[in-house]
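Each chain is listed here by its residues.
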Amino acid sequence: MKRIAVFASGSGSNAEKIAKHFADSEIGRVTLVCTNNKKAGVIDRMKKLGIPVYIFTQEELENGNVLSRLRSAKIDFIALAGFLKKIPSDILDAYDYRIVNIHPALLPDYGGEGMYGMRVHEAVVENGEEETGITIHYVNEEYDDGEIIFQAKVDIDPEDTPEEVAYKVQQLEHAHYPGVIESLLQELDD
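Reading the values: the criteria
- Residues numbered from 1 in each chain as written.
- Predicted model: local features only at pLDDT ≥ 70, side-chain atom pairs only at ≥ 80, totals over all residues.
- Heavy atoms only, no water.
- Helix = DSSP H or I, 4+ residues; strand = E, 2+ residues; numbered from the N terminus.
- Buried < 20%, exposed > 50% of the residue type's maximum accessible area, 1.4 Å probe, protein only.
- Contact = heavy atoms within 4.5 Å.
- Pairing = 2+ DSSP bridges.
- Axes fitted to C-alpha atoms, helices over the stretch in contact; angles between N-to-C directions.
- Arc of directions from axis to C-beta.
- Core = buried A, V, L, I, M, F, W, Y, C linked by side-chain atoms within 4.5 Å.
- 1 Å grid on protein atoms, 1.4 Å probe; cavity = no way out; pocket = protein on both sides within 12 Å on 5 of 7 lines; lining within 4 Å.
- Points joined across faces, edges and corners; volume = space filled by probe spheres on them.
- Nonpolar A, V, L, I, M, F, W, Y, C, P; charged D, E, K, R; others polar.
- Right-handed = clockwise from strand over helix to strand, strands pointing away.

Trainee: Would you take a moment to explain the environment of Met115 for this structure?
Mentor: Along the chain, Met115 turns up in the loop between strand E5 (99-103) and helix H6 (117-126). Given the relative accessible area of 22%, Met115 is considered partly exposed. Sequence spacing of Met115 and Ala105 is 10 residues, and the spatial spacing of their C-alpha atoms is 9.5 Å. Residues in contact with Met115, not counting those within four places in the same chain, are His103, Tyr110, Val120, Ala123 and Asp144.

Following this line, the structure appears as C-alpha cells:
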C-alpha cells in the first residue's frame, strides 16, 4: 500500500477527489495533506475525511522540515493539487519521479510562474482559444516544466466565460487525476 501526500493551497476539491478515490484502494491511500495556507478550504475537507493535515510555513518548506515530515509519515508519492509554491530541491531529490502536478491548461501553453487558477482561464478566453484542458506532469525545478504524463482536452465555446471554462476544466481534473495517480502507483510496483 503506497502512502500518498497531497499538497494543496486552496479549496481542495482535487485533494478530496483523490482521497475519496483511494479510500478503499489496496494500491494507495492519502495519508497526509500538506498546505502552506492556514485558511485553505482543503483543511476542512480533510478533517471531514479524517485525513491529517500538516500546515507549514515557507521557511519550513525550505529548511527541510517538510521533507522530514514526509519521511516520518513514510510517504511514497506526492500529488500537487492547486499547490502554488515551488517544490525545493531536497524534496525533488527524495521523490524523483514520484511528484506529480495537475495544471489547468494544455502545457506548454499557459504555464509558468503566476499562471494558475482563474489567471489561466482568463488568458485562454482572452486569446480566443477553441480548446483547453488539463496536463498532468512530473514536477521539477521549474513551474509547469516537468515531463508530461497525460493531457485531456475540452472544447471552448466562443461565448464561454472564464468561469465556464474553469468549470469544464475542473470536470476533467476530477475525472482523470485520481486514475492517472493510480496508474503511476501501479508502475512503482513493477
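Back to the text.
Trainee: What exactly am I supposed to notice about the sheet that holds strand E3 (residues 53-55) here?
Mentor: Strand-to-strand pairing in sheets goes through backbone hydrogen bonds, with the strands running parallel or antiparallel. Sheet architecture is open: 7 strands sit in the order E3-E2-E1-E4-E5-E6-E7, paired in mixed fashion. In the strand order of this sheet, the two ends are held by E3 and strand E7 (148-155), each with one partner. Each strand axis lies, on average, 20 degrees off the axis of its neighbour in the sheet, ignoring direction.

Trainee: It is not clear to me how helix H4 (residues 65-72) should be interpreted in this structure. Could you clarify?
Mentor: Two residues of an α-helix separated by three or four positions point the same way, owing to the 3.6 residues in each turn. Of the positions making up H4, those classed as buried are Val66, Leu67 and Leu70. One side of H4 holds all its buried residues, which, seen down the axis, span an arc of 100 degrees. Looking at H4, the residues exposed on the side facing more than 90 degrees away from the buried face are Arg71 and Ser72. Buried residues along H4 sit in contact with strand E1 (2-7), strand E2 (28-35), E3, helix H3 (58-62), strand E4 (77-80) and helix H5 (89-94). Note on H4: the residue one or two positions beyond its end, Lys74, has a positive phi of about 55 degrees.

Trainee: What should I look at first to understand the nonpolar core in this one?
Mentor: Of all hydrophobic cores here, the largest spans 38 residues; its most connected members are Val6, Ile18, Val30, Val42, Val100, Tyr177 and Ile181. Looking at this core element by element, the count peaks at 8 residues for helix H7 (residues 162-189). Excluding anything up to four places from it in sequence, Ile181 contacts Ile4, Ile18, Phe22, Phe77, Ala79 and Val100.

Trainee: Please clarify how the layout of surface pockets should be interpreted in this entry.
Mentor: Gaps between atoms show up when a probe of the same size as a water molecule is rolled over them. What the largest pocket holds in volume is close to 770 Å³. Looking at the largest pocket, it is lined by 36 residues, and the ones nearest its centre are Gly82, Phe83, Leu84, Tyr116 and Gly117. Counted by class, the lining of the largest pocket contains 14 nonpolar, 16 polar and 6 charged residues. In this structure, the second largest pocket encloses a volume near 200 Å³. As for the second largest pocket, its lining consists of 13 residues, of which Asp96, Tyr97, Tyr138, Val139 and Asn140 are closest to the centre. Its residues placed into classes, the lining of the second largest pocket shows 6 nonpolar, 2 polar and 5 charged.

Trainee: What is the right way to look at the pairing of E5 in this model?
Mentor: Successive side chains on a regular strand alternate, one facing one side of the sheet and the next facing the other. Of all 5 residues that make up E5, 5 are buried, and the element is covered over most of its length. What you see with E5 is no split at all: Ile99, Asn101 and His103 on one side and Val100 and Ile102 on the other are buried throughout. With 3 bridges connecting them, E4 and E5 associate as parallel partners. Within E5, the residue paired with Ile78 across the bridge is Ile99. Assessed by its sense of winding, the connection that carries the chain from E4 through H5 to E5 is right-handed. In terms of strand pairing, E5 meets strand E6 (residues 131-138) through 4 bridges, oriented antiparallel. In the strand pairing of E6, Val100 is matched with Tyr138.

Trainee: What is the right way to read the side chain of Ser9 from this model?
Mentor: Within the fold, Ser9 resides in the loop between E1 and helix H1 (13-21). Filtering out sequence-adjacent residues up to four positions away, Ser9 remains in contact with Thr35, Asn36, Asn37, Ala40, Ala81, Gly82, Phe83 and Leu84.

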